[in-house]
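Given next are the chains, with one letter for each unit.
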Amino acid sequence: MPRLSEVIAALDTLWPPERAEGWDAVGTVCGEPDQEITRVLFAVDPVREIVDEAVKLGANLLVTHHPLYLRGTTTVAADTFKGRVVHTLIKNDIALHVAHTNADRADPGVSDALAGALDLRVVRPLVPDPTDPEGRRGLGRVCELDHPLTVRELAARAAGRLPATAQGIRVAGDLEAVVRTVAVSGGSGDGLFDDVRAAGVDAFLTADLRHHPASEARAHSPLALLDAAHWATEWPWCELAAAQLDEISDRKGWGLRVHVSKTVTDPWTAHAASTETPNAMGAPN
């Protein structure tokens, strides 16, 4: 069986850590380099539910998209929730490895997986990586539909193809407008509106859209906005990443058992729909 150091070296060829944003915290959080790896679990969030799942599964490597410690810390005490995660991982000989913005910018990366889940054909990166002469890496993706859909139909496709969450899909724009081109970005995407407008697409599907950036984007153009849950837009990457590691394992004869967590770690757990349709009665006095 491969050592942790060998598996990490393979993962670093997929998502080189030097391609992460400067503020990011990627790479191996804990784990012995010489530890044998037999079973790997992929997930979006390194939270207690996922760590407990890794323990139950018998995994000895957990790979997550989100970092455990994005900012500095002075303690891993077990009476803090992140400290408890670290203690549980170490006690059960489970290594933790993070691929975050280096996976966002990869080819294929997080937004490729999102586009694939929606049956969109990727045309190019939304924000190309200037260090890639082939123009395939970068943030987000500009995509084409196999046939035109209305905004309503595209939203229904997203709701049906992405993992179910309490939020579902929020929409801004004319529901009957025709969509032929779509920009997608897994995770928080409202910092990309200038790039989306420059791409000239009909719709933008991402997550965590805030009031003011969304309002200003709608004021600039008839661009339709589809806002999904952050976790749901990034979960398809777990399946893509697992398949990539499976291929490496087969090629190297490692015989790894690779799994994808289906535990929903989106923090929102319920949605109460308004009793009136928007603008039916105006704002309350």
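Scroll up a little and you will see the structure.
Quick summary incoming for the structure in this document. (Residues numbered from 1 in each chain as written. Predicted model: local features only at pLDDT ≥ 70, side-chain atom pairs only at ≥ 80, totals over all residues. Heavy atoms only, no water.)

**As for helix 8 (residues 211-220)**
- For helix 8, the complete set of buried residues consists of Pro 213, Ala 214 and Ala 217. Summarising the axial view, the buried residues of helix 8 lie within an arc of 95 degrees, below the 170-degree limit, and thus occupy one face. Opposite its buried face, helix 8 presents the exposed residues His 211, His 212, Glu 216 and Ala 219, each directed more than 90 degrees away. (Buried < 20%, exposed > 50% of the residue type's maximum accessible area, 1.4 Å probe, protein only. Helix = DSSP H or I, 4+ residues; strand = E, 2+ residues; numbered from the N terminus. Arc of directions from axis to C-beta.)

**Some remarks on unusual backbone geometry**
- In this model, Asp 107 is joined to Pro 108 through a cis peptide bond whose omega is 0 degrees.
- Mapped onto the elements, Pro 108 comes out in the loop between helix 4 (101-104) and helix 5 (110-117).
- Here Asp 119, not a glycine, exhibits a phi torsion of approximately 55 degrees, which is positive.
- Relative to the assigned elements, Asp 119 resides in the loop between helix 5 and strand 5 (121-128).
- Here Asp 119 falls in the partly exposed class, since its relative accessible area comes to 43%.
- At Asp 208, a residue that is not glycine, the phi angle is positive and equals roughly 60 degrees.
- Structurally, the position occupied by Asp 208 is in the loop between strand 9 (203-207) and helix 8.
- Taking the relative accessible area as the measure of exposure, Asp 208 reaches 33% and is therefore partly exposed.

**Structural notes on the pairing of strand 9**
- With respect to burial, strand 9 is a largely interior element, 5 of its 5 residues being buried.
- One ladder, built from 4 bridges, connects strand 8 (residues 178-188) with strand 9; its direction is parallel. Note on strand 9: the bridge partner recorded for Ser 188 is Ala 207.
- Traced from strand 8 through helix 7 (residues 193-199) to strand 9, the parallel crossover comes out right-handed. (Pairing = 2+ DSSP bridges. Right-handed = clockwise from strand over helix to strand, strands pointing away.)

**Observations concerning the environment of Ile 37**
- Relative to the assigned elements, Ile 37 resides in the loop between strand 1 (27-30) and strand 2 (39-43).
- Through-space distance from the C-alpha of Ile 37 to that of Leu 61 is 6.8 Å; in sequence the pair is 24 residues apart.
- Dropping the residues within four chain positions of it, Ile 37 is found in contact with Met 1, Pro 2, Arg 3, Leu 4, Val 7, Asn 60, Leu 61 and Leu 256. (Contact = heavy atoms within 4.5 Å.)

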